[in-house]
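Analysis of the macromolecular model
The primary structure of each chain is shown beneath.
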Amino acid sequence: SSLLDAYRCQHEITVTGEDIPAPYTTFESTEFPSEILREVHHAGFSAPTPIQAQSWPIALSGRDIVAIAKTGSGKTLGYLLPGFIHIKHLRNNSRMGPTVLVLSPTRELATQIQEEAVKFGRSSRISSACLYGGAPKGPQLRDMDRGVDVVVATPGRLNDILEMKRVSLRQVTYLVLDEADRMLDMGFEPQIRKIVNEIPPRRQTLMFTATWPKEVRKIAADLLVNPVQVNIGNIDT
Ligand code: ADP
Ligand code: MG
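Residues numbered from 1 in each chain as written. Chains lettered and ligands numbered in written order. Predicted model: local features only at pLDDT ≥ 70, side-chain atom pairs only at ≥ 80, totals over all residues. Heavy atoms only, no water.

**Quick look at the nonpolar core**
In this structure, Tyr 79, Leu 81, Phe 84, Leu 206 and Val 230 are the most contacted members of the largest nonpolar core, which totals 42 residues. No other element matches the 7 residues that helix α4 (residues 75-90) contributes to this core. In this structure, Leu 81 is in contact with Phe 32, Ile 36, Val 40, Trp 56 and Phe 120, ignoring residues within four places of it in sequence. Counting 34 residues, the second-largest nonpolar core is a separate cluster that includes Leu 169, Met 207, Trp 212 and Ala 220. (Core = buried A, V, L, I, M, F, W, Y, C linked by side-chain atoms within 4.5 Å. Buried < 20%, exposed > 50% of the residue type's maximum accessible area, 1.4 Å probe, protein only. Helix = DSSP H or I, 4+ residues; strand = E, 2+ residues; numbered from the N terminus. Contact = heavy atoms within 4.5 Å.)

**Quick word on helix α3 (residues 50-60)**
Within α3, 9 of the 11 residues are buried, which leaves the element mostly enclosed by the surrounding structure. Within α3, the full set of buried residues consists of Ile 51, Gln 52, Ala 53, Gln 54, Ser 55, Trp 56, Pro 57, Ile 58 and Ala 59.

**What about the UniProt feature "short sequence motif: Q motif" (unreviewed entry) in the protein chain?**
The UniProt entry lists residues 25-53 under the feature "short sequence motif: Q motif" (unreviewed entry), expressed in the numbering used here. With 45% helix and 0% strand, the stretch residues 25-53 has end C-alpha atoms that lie 6 Å from each other. (UniProt positions renumbered as here; feature names shortened; annotations may be inferred.)

**Some details on the packing of aromatic side chains**
Scanning the model with the defined rule gives 4 aromatic pairs in all. Their ring planes at 40° and their centres at 6.1 Å tell us that Phe 27 and Trp 56 sit as a pair that is tilted. In this pair, Phe 27 is assigned in the loop between β1 (13-16) and α2 (34-42) and Trp 56 in helix α3, connecting sequence segments 29 residues apart. In this pair, the class of Phe 27 matches that of Trp 56, namely buried. For the pair Phe 32 and Trp 56, a centre-to-centre distance of 4.9 Å together with 75° between the ring planes defines the contact as edge-to-face. Of the two residues, Phe 32 is situated in the loop between β1 and α2 and Trp 56 in helix α3; the sequence distance between them amounts to 24 residues. (Phe/Tyr/Trp six-rings, centres within 6.5 Å; stacked < 30°, edge-to-face > 60°.)

Right, here's the structure in full:
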């Protein structure tokens, strides 16, 4: 409708792809369960950020997505909240392995994502764990033994733990590549491909990035199926 076009225009949202769902301009229009809505109100958020408004309906529809938006635009909840709904629908026994996997370039960023997952997932009974290098493996291995719904990991440490056969990615059906541009800049592409080979192809893949250079386009073309692309602000290449 023209109202939605006006919303997209005002917030500089550009979308490409087939059958793109309308943005959720308010939290009330998201149809998120009440426990999640309570958390966002509790956090003091008044409205979805533009990347959330447009990414949520796409992610909830099960589509692959490329989301390009600058740092600080709220990308984390852009993929985490639909991930929680995904988990709720599957009701997988998390002891068999995580359903949602988020790859992140650094320990610091992975930790921040995990904190967001704990804060916003607690009332939905979502369990999560974080895997990163430069720290003892013991507690991380115990988290894998316990079983969690969401794993947030840096590629190097996740591969170490995969080689030890202490986690299985066979149950992962929602894969997020966060800060994809940075992960490629840091040389993680072979590690990412190794990890993706452990995940069954029948999955939803979400790529979040601040920039959209050739290398990122290439890996998106390899790993995503018929994605919807969402840009916020200038389309920078
Ligand atoms: P990005 O990953 O795009 O850099 P983050 O997901 O880290 O951004 O979010 C940046 C900040 O915005 C965080 O402190 C987060 O809690 C906050 N935030 C997320 N969504 C909203 C919202 N809808 N309204 C207000 N603040 C939000
Ligand atoms: Mg981020």
